[in-house]
Amino acid sequence: MSTSPGLFITGFPGFIGQQLVQRLHAEHPDATLYLLVEPRMVFEAERRCRRLERDEPGLAGRWRLVVGDLREHGLGIDEASLAQLRDHITHVWHLAALYDLAATQSAAYAVNVTGTRRLLDLCETLPGLQRLHYVSTCYVAGSRSGTIYEEDLDHGQEFKNHYESTKCWAEMEVQGRWGRLPTTIYRPAIVAGHSRTGVAAKADGPYYIVQLLLAMPRWLPMLHVGPSRATFNMVPVDFVVEAMVRLSRQEQTVGQVFHLADPNPCTARELMDLTLHTLGRPAAVGRVPLRLANAALGMGAVGRALGIPPQSLAYLDHPARFDVSNTAAALGDALLCPRLADYWPTLVAYARAHPELFRRAS
C-alpha cells in the first residue's frame with residue numbers, strides 16, 4: 001500500500017468540487033487526487049484539471065480521473081481502477097449529488113441515496129481509509145422551523161422538494177455507519193460564489209433575485225415576495241471549502257456534524273433591499289403573497305422567460321435558523337463567515353458581467 005495520501009473525490013468538475021480540489025492540493029501537496037467522473041463529463045473534467053494546473057503547477061501529475069457512475073454497482077468503476085483505489089485511498093470526499101429543486105423523486109433518489117449507499121459500500125472495502133468526509137446540506141431539515149441543531153436529522157419532517165428529502169435519507173445512510181466508518185459530515189447552507197472574486201459556476205439560488213431585477217424594466221416597481229421576515233442563509237463557496245478543510249484536520253471532528261451556515265443571516269427582505277441598492281434600483285414599494293408569486297412562476301411562459309423555478313421561492317419564507325455551535329467550537333475565531341453585506345455586491349457585479357451564468361442556471 002502507498003504511504004502517500006490518496007484522496008478520492010466525487011462531485012468533480014462541479015463548482016465546489018473544483019474549489020475543493022485546488023484547496024486540498026495546497027493542504028496535501030504530496031497527495032494524489034482520484035476524481036470520480038461520469039463518462040459524459042470526462043472531457044470537461046480533464047479540461048478543468050488542466051486549467052487548475054495553470055494556477056497550481058504542482059498539481060500536474062497529482063490527479064487521476066476515475067470513470068464511473070454513482071448509480072451503478074461498485075460505482076461503475078472497472079476492477080483495475082478499484083484495485084488501485086484500495087491500494088492508495090486514505091480519505092474520501094463525497095460531494096456528488098443531484099442538486100435540482102425540480103428533480104423527480106426517482107432521479108434524486110438514484111443519485112443522492114443509492115449513490116451514497118454505494119459510495120459507503122466502497123469505503124468499507126478500503127483498508128487504508130482514515131476518514132470519510134460527507135457533504136450534506138442544512139436543508140435536510142426540510143420544512144422544520146425554529147432553531148435547527150447540528151445533532152438534528154430525522155424528526156418526521158416534511159420537505160419542500162425531492163432534493164431535500166433524498167439528501168436527508170442519504171445522510172441517514174451515512175450516520176447509520178458511524179460505527180464502521182470514521183466520518184465527518186458537513187452541512188452547507190445555500191452556497192454562492194467566491195466572496196473576494198465573485199466567481200460562480202451558475203447563477204441560481206439567490207441569484208434568481210438578480211436575474212428577476214435585470215429582466216424587469218427599471219421603471220417597474222419591485223415588490224417583496226411573501227412576508228420576507230424569514231432568514232435567508234447564504235454562504236460563499238470559499239468559506240465553505242476553507243471550513244471543511246480546516247475541520248478535516250482535526251481528529252475530534254470524527255462522528256460530528258457541522259453546519260456551515262451564516263450565524264447572523266439576513267432576512268429575505270434585507271436581501272432584496274441590498275440587491276436593489278446594489279443594482280441602483282428604487283426600494284420595494286410593497287409585497288406580493290408567496291402563493292401569487294408561485295402561481296406566476298408556475299405559468300409556462302413566465303417560468304420559461306425568467307428561468308426561475310417556482311420551487312426556489314419557498315426559501316424566501318423558511319423561518320429556520322441553523323445553529324453552528326459545533327462549527328464555532330471547532331474553528332474558533334480562526335475562520336468566520338463573512339457578512340453578506342460585505343460580499344454580495346461583489347457576487348452581483350460578477351453575475352452582471354457574466355450573463356451566460358443565468359443561461360446555465362435556467
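Just above, that's the structure.
Residues numbered from 1 in each chain as written. Predicted model: local features only at pLDDT ≥ 70, side-chain atom pairs only at ≥ 80, totals over all residues. Heavy atoms only, no water.

(A) Region of the structure containing unusual backbone geometry. Note the cis peptide between F12 and P13, where omega equals 10°. With respect to the secondary-structure elements, P13 resides in the loop between β1 (6–10) and α1 (15–27). The backbone of L75 sits at a positive phi, close to 60°, despite the residue not being glycine. Mapped onto the elements of the fold, L75 is located in the loop between β3 (63–67) and α3 (79–88). (Helix = DSSP H or I, 4+ residues; strand = E, 2+ residues; numbered from the N terminus.)

(B) Seen up close, α1. Given a rise of 1.5 Å per residue, 13 residues ought to cover 18 Å, and the 19 Å separating the end C-alpha atoms of α1 matches this to within 8%. All of the buried residues in α1 are F15, G17, Q18, Q19, L20, V21, R23, L24 and H25. Its buried side turned inward, α1 meets β1, β2 (32–37), α2 (42–55), β4 (91–94), β8 (190–192) and α7 (237–248). (Expected span 1.5 Å × (residues − 1). Buried < 20%, exposed > 50% of the residue type's maximum accessible area, 1.4 Å probe, protein only. Contact = heavy atoms within 4.5 Å.)

(C) Quick peek at the sheet that holds β1. What the seven strands build is an open sheet, ordered β3-β2-β1-β4-β5-β7-β12; its pairing is parallel. Each end of this open sheet is capped by a strand with a single partner; those strands are β3 and β12 (257–260). When strand polarity is set aside, the average angle formed by the axes of neighbouring strands in this sheet is 20°. With four bridges connecting them, β4 and strand β5 (residues 131–135) associate as parallel partners. Paired with H91 across the strands is R131, a residue of β5. (Pairing = 2+ DSSP bridges. Axes fitted to C-alpha atoms, helices over the stretch in contact; angles between N-to-C directions.)

(D) Region of interest: the environment of T114. Following the sequence through the fold, T114 ends up in helix α4 (residues 105–123). Expressed as a C-alpha distance, the spacing of T114 and W169, which sit 55 residues apart in the sequence, is 9.8 Å. Aside from chain neighbours lying at most four places away, what touches T114 is L70 and Y109.

(E) Here's a closer look at the pattern of salt bridges. Scanning all chains against the criterion turns up 21 salt bridges. Between R249 and E27 there is a salt bridge, with the nearest N and O atoms lying 2.7 Å from each other. Of this pair, R249 sits in the loop between α7 and β12 while E27 sits in helix α1; the two residues are 222 residues apart in sequence, bridging distant segments of the chain. A relative accessible area of 46% places R249 in the partly exposed class. (Salt bridge = Lys/Arg side-chain N within 4 Å of Asp/Glu carboxyl O.)

(F) Spatial organisation of the side chain of K167. Relative to the assigned elements, K167 resides in helix α5 (residues 162–175). One buried charged residue, K167, remains without a salt bridge, the closest side chain of opposite sign being E171 at 7.5 Å. When residues no more than four places from it in sequence are discounted, the contact partners of K167 are A97, N112, Y134, V135, S136, T137 and V140. (Lys, Arg positive; Asp, Glu negative; His and termini not counted.)

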